[in-house]
Amino acid sequence: MTSAQDQNHGARGKAPLTFCVYGTYQASEDYPNTRYFLQLLNTSVRFRLLDEWGGQLSAGRYYDRTRSWPAKLLAFAGLGFNSLRAALRIRRACLRLAPDFIYVPYPGVVVLWCLSFLPFQRKATILVVDSFISLFDTVVIDRKLLGQDSLAARLLLRFERRALQVADRVLTDTRLNADYYAHLLGLDADLFKPLPLSINAGGYCQVREQAMAHQGIKVLFAGSFVPLQGVEIIVRAAALLKARTDLEFRLVGDGQTANAIQALISELELTNVSWSRGWMNSADMLEEYRQADLCLGIFGGTDKAHRVWPYKNYQAMAAGKALVSMQTKALDFVTPETGYFCPIPPENPQRLAAAIISLADDMQARRRLGQTAGLAFDTLLASEPTELRFHALVR
């Protein structure tokens, strides 16, 4: 019997933890962490679902910059209304079902804010909210959409603090983020619990066995083009490597800095960069990773960039690809000696270009790095270790 079978056999010998899921979430490819974490809970022998309700009725991302202002206001009104409905269901479940825990997926902060105004008895039920992205940190600190001392920013901080005080466990993606959010919001550090993000592990792990033969070296970056990702650093590294005709830089995605990146590519007259601008479905994204020889992570110099291990890095590791990303201690449970990625200083296109050349010119080094990344993912970030970590948090 394998170790995984031993663990499952042991789990079957105990009563599974009962749970409910309520919120305004989407279990879709637009929000893969929600989709695949719910899949993990629903297929595990350690947990048993009692009730579920998700009040987000429209497809697509919660914030879409292409929407008109009336459409945005309507979307946020719907988010608020459905959050209140979810809060009422949480209150009823605590009284009638008394599950071991209730899970509120991202963006659960609005649900908990509504819940904070509803008197109810929780008994022994543990309330778990997924808040790996902080509203205040994203809007005010990272993207600087509001001035930090503005009235709107102060109200947003109070809103998020009040909401998260209702929870018993607040899930973040890294220990650094957990400690940071506790300090930022002025809440008990023990409230915040790090848990790896969930991805389509089965799909990306299959990529390891489907490497595609092609000429040249394909260097892939897929992302949401936010400041912490440092896409400008990638473009400037591509400019330094224009003479290397064997290198193709492939960009996938869209977002806040996309227009500036487009202008920079035109200014530098780069012909070694191709870009699929927009959101890509899961099948096409898997194909991008299958064809990639090297994958790029994040390189921005923001504080947030040092605290996160982004989704794209999970995907590259699961796919067994050589990964270059900025130095970080975000994965504090993976030792540097593991060598699961090639670290470089942030905001340094010269060092990025040098790392790309080093790996592009050494196929065996690329393969070793990819194999180590795949092993680190299987051991520490895949569904089974994530399930065990979460079970320990709620039992």
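Positions within a chain are numbered from 1, following the residues in the order the chain's sequence is written. Since the coordinates come from a predicted model, pLDDT governs what is reported: local features require at least 70, and pairs of side-chain atoms require 80 or more to be given and counted, while whole-chain, interface and lining totals use all residues. Side-chain numbers here rest on the full set of heavy atoms in the structure, without hydrogens or water.

1. Some points on the pattern of salt bridges
Working step 1: Each salt bridge in this description consists of a side-chain nitrogen of Lys or Arg and a carboxyl oxygen of Asp or Glu lying within 4 Å of one another. Following the criterion strictly, the structure yields 12 salt bridges and no others.
Working step 2: With a shortest N-O distance of 2.9 Å, Asp 378 and Arg 208 are connected by a salt bridge. Of this pair, Asp 378 sits in helix 15 (residues 363–381) while Arg 208 sits in the loop between helix 8 (201–207) and strand 7 (217–223), and the two are 170 residues apart along the sequence.
Working step 3: Only protein chains enter the area calculation, which uses a 1.4 Å probe; residues under 20% of their type maximum are buried, those over 50% are exposed, and those in between are partly exposed. On the basis of relative accessible area, Asp 378 is assigned to the partly exposed category, the value being 35%.
Working step 4: Judged by relative accessible area, which is 27%, Arg 208 ranks as partly exposed.
Working step 5: A salt bridge links Arg 244 to Asp 246, with the shortest nitrogen-to-oxygen separation between them at 2.9 Å.
Working step 6: Judged by relative accessible area, Arg 244 falls into the partly exposed class, the value being 22%. Secondary structure is summarised from DSSP: a helix means a run of H or I of at least four residues, a strand means a run of E of at least two, and numbering begins at the N terminus for each.

2. A word on the packing of helix 13 (residues 311–318) against helix 15
Working step 1: Where helix 13 contacts helix 15, the two axes come as close as 7 Å, and the packing angle between them is 115°. If you check the angle between helix 13 and helix 15, you find them roughly perpendicular. Here Tyr 314, Met 317 and Ala 318 of helix 13 come into contact with helix 15, specifically with Ala 373, Gly 374, Ala 376, Phe 377 and Leu 381.
Working step 2: The class makeup of the residues in the contact of helix 13 with helix 15 is seven nonpolar, one polar and no charged. Angles run from 0 to 180 degrees between N-to-C directions of axes, and those axes are lines fitted to C-alpha atoms, restricted for helices to the stretch in contact. For classification purposes, an angle smaller than 35 degrees is called roughly parallel, one larger than 145 roughly antiparallel, one from 65 to 115 roughly perpendicular, and anything else oblique. Pairs of residues are marked as contacts when any of their non-hydrogen atoms sit within 4.5 Å. For this scheme, ten residues count as nonpolar: Ala, Val, Leu, Ile, Met, Phe, Trp, Tyr, Cys and Pro. Four count as charged, namely Asp, Glu, Lys and Arg, and the remainder, Gly too, count as polar.

3. Some remarks on the nonpolar core
Working step 1: Working definition of a nonpolar core: buried Ala, Val, Leu, Ile, Met, Phe, Trp, Tyr and Cys residues. They are joined through side-chain atoms within 4.5 Å. Counting residues in each nonpolar core, the largest one holds 39 residues, and the members touching the most others are Tyr 22, Ile 90, Ile 102, Val 104, Leu 112, Leu 127 and Phe 192.
Working step 2: Only strand 1 (17–23), helix 3 (69–96), strand 3 (101–104), helix 4 (109–115), strand 4 (126–130), helix 5 (135–142), helix 6 (151–164) and helix 7 (175–185) provide two or more residues apiece to this core.
Working step 3: Discounting residues that sit within four places of it in the chain, Ile 102 has contacts with Cys 20, Tyr 22, Ile 90, Ala 93, Cys 94, Thr 125, Ile 126, Leu 127 and Val 128.
Working step 4: In this structure, Ala 258, Leu 268, Trp 275 and Ala 365 belong to the second largest nonpolar core, which totals 36 residues.

4. Some details on the sheet that holds strand 12 (residues 342–344)
Working step 1: Taken in spatial order, the six strands line up as 9-8-7-10-11-12 in an open sheet, and their pairing is parallel. The sheet is open, and its two borders are formed by strand 9 (273–276) and strand 12, each paired with just one other strand. Going across the sheet, the axis of each strand differs from the next one's by a mean of 20°, ignoring polarity.
Working step 2: Think of it this way: DSSP has to see at least two bridges between two strands before they count as a pair. The pairing of strand 8 (residues 247–253) with strand 9 spans four bridges and is classified as parallel. Bridge pairing in strand 9 links Phe 249 to Val 273.
Working step 3: Its contacts with the sheet place helix 9 (residues 231–240) against strand 7, strand 8, strand 9 and strand 10 (294–296), and it is angled at close to 160° to strand 8.
Working step 4: Taken strand by strand, helix 10 (residues 258–268) contacts strand 8 and strand 9, and its axis lies near 150° from that of strand 9.

5. Side note on helix 14 (residues 349–360)
Working step 1: In this model helix 14 runs 16 Å from its N-terminal to its C-terminal C-alpha over 12 residues, within 8% of the 16 Å that 1.5 Å per residue would give.
Working step 2: Of the positions making up helix 14, those classed as buried are Pro 349, Leu 352, Ala 353, Ala 355, Ile 356, Leu 359 and Ala 360. The buried residues of helix 14 all sit within an arc of 160° when viewed along its axis, so they share a single face. An expected span of 1.5 Å times one less than the residue number is assigned to each helix. Each C-beta atom gives one direction from the helix axis, and the arc is the one those directions make.

6. Considering the sheet that holds strand 5 (residues 169–172)
Working step 1: Spatial strand order, 2-1-3-4-5-6: six strands in an open sheet with parallel pairing. A single partner strand is all that each edge strand has here, and the edge strands are strand 2 (47–54) and strand 6 (192–194). Between one strand axis and the next, the sheet turns by 25° as a mean value, whatever way the strands run.
Working step 2: Here strand 5 pairs with strand 6 via three bridges, running parallel. Within strand 6, the position partnered with Val 170 by the bridge is Phe 192.
Working step 3: Strands in contact with helix 16 (residues 383–394) are strand 1, strand 2, strand 3, strand 4, strand 5 and strand 6; relative to strand 2, the strand with the most contacts, it is inclined by about 85°.

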